[in-house]
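One-letter residues, chain by chain:
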Amino acid sequence: MIEVKGVTKRFGPKVAVDNLSFEVKNGEVLGFLGPNGAGKTTMMRIITCYMPATEGSVTVAGHDTLTESFEVRRHIGYLPESAPLYLDMDITDYLSFVAQVRGIAPSERHEKIRRIAEICGLQNVMGQDIGTLSKGFKQRVGLAQALIHDPDLLILDEPTTGLDPAQIIEMRELIKRIGREKTVILCSHILPEVSATCDRILIINEGKKVASGTPDELATATEGSVTIQAKIYGPEAQVREKIEGMEHVIGCRVVESPPGGPVTFVLKAKPNGDLGREVFKMVVENGFSLSELKAERISLEDVFLQLTTKERSAE
Ligand SMILES: Nc1ncnc2c1ncn2[C@@H]1O[C@H](COP(=O)(O)OP(=O)(O)OP(=O)(O)O)[C@@H](O)[C@H]1O
Ligand SMILES: [Mg+2]
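Scoring rules and cut-offs
- Residues numbered from 1 in each chain as written.
- Chains lettered and ligands numbered in written order.
- Predicted model: local features only at pLDDT ≥ 70, side-chain atom pairs only at ≥ 80, totals over all residues.
- Near = placed C-beta within 6 Å.
- Helix = DSSP H or I, 4+ residues; strand = E, 2+ residues; numbered from the N terminus.
- Nonpolar A, V, L, I, M, F, W, Y, C, P; charged D, E, K, R; others polar.
- Expected span 1.5 Å × (residues − 1).
- Buried ≥ 20, exposed ≤ 12 C-beta atoms within 10 Å, placed from the backbone.
- Arc of directions from axis to C-beta.
- Contact = placed C-beta atoms within 7 Å.
- Axes fitted to C-alpha atoms, helices over the stretch in contact; angles between N-to-C directions.
- Parallel < 35°, antiparallel > 145°, perpendicular 65-115°, else oblique.
- Left-handed = near helix turned anticlockwise from the far one by under 90°.
- Core = buried A, V, L, I, M, F, W, Y, C linked by C-beta atoms within 7 Å.
- Pairing = 2+ DSSP bridges.

> In this structure, what is going on with the site of ligand 1? I would like to understand it.
Around ligand 1, the neighbouring residues are Phe-11, Lys-14, Ala-16, Gly-34, Asn-36, Gly-37, Ala-38, Gly-39, Lys-40, Thr-41, Thr-42 and His-189. Elements supplying a minimum of two residues to the shell around ligand 1: β2 (14–24) and α1 (40–47). The greatest single-element share of the shell around ligand 1, amounting to 3 residues, is contributed by α1. Of the residues belonging to the shell around ligand 1, the class tally is 3 nonpolar, 7 polar and 2 charged.

> Got a minute to help me understand helix α6 (residues 165–179) in this structure?
Within an α-helix, residues lying three or four positions from one another point in the same direction, as the helix has 3.6 residues per turn. Here α6 is 15 residues long and its end C-alpha atoms lie 21 Å apart, about the 21 Å a rise of 1.5 Å per residue gives. Ile-168, Met-171, Ile-175 and Ile-178 are the residues of α6 that are buried. Seen from one end, α6 has its buried residues packed into an arc of 90°, which puts them on one side. Opposite the buried face of α6, at more than 90 degrees from it, the exposed residues are Pro-165, Ala-166 and Arg-177. Packing partners of the buried residues in α6 comprise α5 (135–147), β7 (153–157), β8 (183–188) and α7 (191–197).

> Is there a simple way to explain unusual backbone geometry in this structure?
Working note: non-glycine residues mostly have negative phi, and peptide bonds are mostly trans. The residue Glu-158 is not glycine, and still its phi comes out positive at about 50°. With respect to the secondary-structure elements, Glu-158 resides in the loop between β7 and α6. Take Glu-158: there are 18 C-beta atoms within 10 Å of it, and that puts it in the partly exposed class. Despite not being glycine, Glu-206 shows a phi value in the positive range, around 50°. Summarising the element assignment, Glu-206 is placed in the loop between β9 (200–205) and β10 (208–213).

> Sorry if this is basic, but what is going on with the packing of helix α3 (residues 91–101) against helix α4 (residues 106–119) here?
Pairs of packed helices are described in terms of their axes, by the angle between the two and the distance that separates them. At a minimum axis distance of 10 Å, the contact between α3 and α4 shows a crossing angle of 120°. Put simply, α3 runs oblique to α4. For the pair α3 and α4, the crossing hand works out as right-handed. Judged by residue contacts, Thr-92, Leu-95, Ser-96 and Ala-99 of α3 engage Arg-109, Lys-112, Ile-113 and Ile-116 from α4.

> Explanation requested: the nonpolar core in the structure shown.
If you look at the biggest cluster of nonpolar residues, it comprises 63 residues, and the most contacted ones within it are Leu-95, Ala-144, Ile-155, Val-184 and Leu-186. What Val-184 contacts, discounting residues up to four positions off in sequence, is Val-29, Leu-30, Leu-154, Leu-156, Ile-175, Ile-178 and Gly-179. Counting residues in hydrophobic clusters, the runner-up holds 12 residues, among them Val-239, Ile-243, Ala-269 and Val-279.

> Help me out: how do you make sense of the sheet that holds strand β1 (residues 2–11) in this one?
Pairing between the strands of a sheet comes from backbone hydrogen bonds, and it takes one of two forms, parallel or antiparallel. The 4 strands lie next to each other as β2-β1-β4-β5, forming an open sheet whose pairing is antiparallel. Every other strand in the sheet has two partners, leaving β2 and β5 (63–64) as the edge strands with one partner each. Sheet topology note: the β1/β2 ladder contains 7 bridges and is antiparallel. Within the sheet, the bridge partner assigned to Val-7 lies in β2 and is Leu-20.

This is the structure:
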């Protein structure tokens, strides 16, 4: 659906997007994640034909954003960072205006607006001036304007910014529902947002790709080490000594040591060998007993921080 090849965008000396390449497949919901200033909005503006890339190319549904921008725009619904709403118009008038601009025939406009109002949960406020709506409802109107022409691709730039927690949940549900039928790019700097709604996540920092994968894949990308948690019955100091003496172990800490119960250790090891098996062997050989052994998952937050701070400290 989208193919981004070697895109660079410079603003004078500032490189906002740096040789970025990625694809978005039909029907996929991609989380486009990065800290403030990473280049997310700039990349979305290039995909939506709001500005040209300095280098590289982007195609949407096979159309080039530079030479076939009219075709590209037809395929895309875009909710920018701050939605371009006319505050003194009521929702119905505003959506009719957008429908007209989008080239929807007058005979179809009424039905399209009714349908989109239903999808975005706007039925009860259609006559209200946009300026008098709460922030959450303004965002829904923004979403409605992006969807009115039934695009295959929806691009959302930080759609939940400024919403209260209840509205955030509603907005995420709405995005998930829409994502079942359409290709979506969701820009955000909030990890739980993208992991809750997206099939795949692409993390960028300072204009460059630093990682991509499913939320699960990213969570298990563990910076060259594996971590497991082991609950072991035995004298804490002795068990600890044995663990630290194991071949690939690079770290060990005690999380819990209840009287009479098993001691919970968290072990970090180099990814060679089967750590679980080695722990089991060590326990048996030393006459301890094992109560539980499980792989520890690194949270996406950790992965995100590791990836984005590593880049920065490498400067
Ligand atoms: N029109 C412009 N002129 C000059 N610099 C710009 C322009 N637009 C963006 N930039 C710079 O490019 C970099 C990337 O900005 P961009 O808005 O794409 O980041 P972002 O990832 O969307 O950040 P945020 O999470 O804060 O929205 C920033 O350093 C920004 O200052
Ligand atoms: Mg932005």
